[in-house]
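# Structure assessment
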Amino acid sequence: MSRVQKGVVAGFAATVVVSILEAINMMAGPWVTPYPDMLAFMMGMEGNHVVGWIAHVVTGTVVLGALYGIVCPRLPTDLPATKGIAFAVGAFCVLIVGLLMFGDPGVFSGGTLGITIAWLLVSNVIFGFVMGSVYGNLVEREKRAAKLMDGVPAH
């Protein structure tokens with residue numbers, strides 16, 4: 001499995017975990033502006049939850065997952081989980097700069113700007129932790145399988 005494929009699998013797993021948190025936020029509150037709602041708003045489809053959720057899954061799985069697979073070996077830490085967190089915090093910074101530079105301030109409903117930004121940071125850290133851990137497990141599993149294959153005689 002290539003690094004990009006492992007990244008996509010890890011990105012999907014992390015997206016599922018964060019999506020559960022976002023669904024809880026949307027059903028119980030919402031306490032903060034949900035990320036899928038922000039995406040739909042930024043795409044000019046305010047209130048269209050389906051578009052927001054599709055964009056959320058595609059972004060987390062395909063874009064961030066694949067990109068993580070590419071840059072993972074170059075990230076500054078040694079542990080898979082901390083590599084994922086470092087990557088996700090970087091993605092958070094890009095997200096916030098993008099929202100503030102190119103988005104509409106109305107994307108943050110009411111007066112919840114600070115809480116929404118904190119929620120995005122926490123959910124990105126969780127996303128990074130899960131993505132890094134899953135990616136690290138996939139890499140280790142591949143290394144163990146390669147070791148086993150080296151010791152098996154050909155028949």
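These notes cover the structure that comes with them. Bear in mind that the values here come from a model prediction, so they are computed numbers and not experimental data.

### Some words on the pattern of salt bridges
The tally for this structure, following the rule as stated, stands at two salt bridges. For glutamate 140, the salt bridge identified is with lysine 143, shortest N-O distance 3.9 Å. Placement of both glutamate 140 and lysine 143 in helix H5 (residues 113-150) is noted, with a separation of three residues, approximately one turn of the helix. Since its relative accessible area comes to 49%, lysine 143 is described here as partly exposed.

### Observations concerning the packing of aromatic side chains
Under the defined criterion, the tally for this structure stands at two aromatic pairs. Aromatic side chains tyrosine 68 and phenylalanine 87 sit 5.3 Å apart centroid to centroid with 70° between the ring planes, which places their arrangement in the edge-to-face category. Of this pair, tyrosine 68 sits in helix H3 (residues 49-71) while phenylalanine 87 sits in helix H4 (residues 80-102), and the two are 19 residues apart along the sequence. Per residue, the accessibility class of tyrosine 68 equals that of phenylalanine 87, and both read buried.

### Observations regarding the side chain of asparagine 25
For asparagine 25, the location among the structural elements is in helix H1 (residues 3-28). If we skip the residues at most four places from it in the chain, asparagine 25 touches Pro30, Trp31, Val32, Pro34 and Trp119.

### A look at the environment of leucine 99
Residue position: leucine 99 is located in helix H4. Classification of leucine 99 by relative accessible area gives buried; the value is 3%. Separated by 61 residues in sequence, leucine 99 and methionine 38 place their C-alpha atoms 9.0 Å apart.

### Details of the packing of helix H2 (residues 35-42) against H3
In a pair of packed helices, the angle between the axes and the distance between the axes together describe the arrangement. Two elements in contact, H2 and H3, have axes whose closest approach is 7 Å; the angle formed by their N-to-C orientations is 105°. Comparing their axes, H3 and H2 come out roughly perpendicular. Facing H2, whose interface residues are Tyr35, Pro36, Asp37, Leu39 and Ala40, H3 presents His49, Gly52, Trp53, Ala55, His56 and Thr59. Within the contact of H2 with H3, the residues separate by chemical class into six nonpolar, four polar and one charged.

Conventions used here
- Counting of residues starts from 1 at the beginning of each chain's written sequence and follows it residue by residue.
- Under the rules for a predicted model, residues below a pLDDT of 70 receive no local features and side-chain atom pairs below 80 are neither given nor counted, while totals for whole chains, interfaces and linings still include all residues.
- To get the side-chain values, all heavy atoms of the structure are used, and hydrogens and water are removed first.
- Put simply, a salt bridge is a Lys or Arg side-chain nitrogen that is within 4 Å of an Asp or Glu carboxyl oxygen.
- Think of it this way: any DSSP run of H or I at least four residues long counts as a helix, any run of E at least two long counts as a strand, and we number them from the N terminus.
- We call a residue buried when its accessible area falls under 20% of the maximum for its residue type, exposed when it is over 50%, and partly exposed in between, using a 1.4 Å probe and counting protein chains only.
- Pairing of aromatic rings covers Phe, Tyr and Trp, the last counted by its six-membered ring, and requires centre-to-centre distances within 6.5 Å; plane angles under 30 degrees mean stacked, over 60 mean edge-to-face, and any other angle means tilted.
- Any two residues having at least one pair of non-hydrogen atoms within 4.5 Å are treated as being in contact.
- Only the stretch in contact is used when fitting a helix axis, every axis being a line fitted to C-alpha atoms; angles between N-to-C directions are given from 0 to 180 degrees.
- To sort the angles, those under 35 degrees are grouped as roughly parallel, those over 145 as roughly antiparallel, those from 65 to 115 as roughly perpendicular, and the leftovers as oblique.
- Amino acid classes used here: Ala, Val, Leu, Ile, Met, Phe, Trp, Tyr, Cys and Pro are nonpolar; Asp, Glu, Lys and Arg are charged; the rest, including Gly, are polar.

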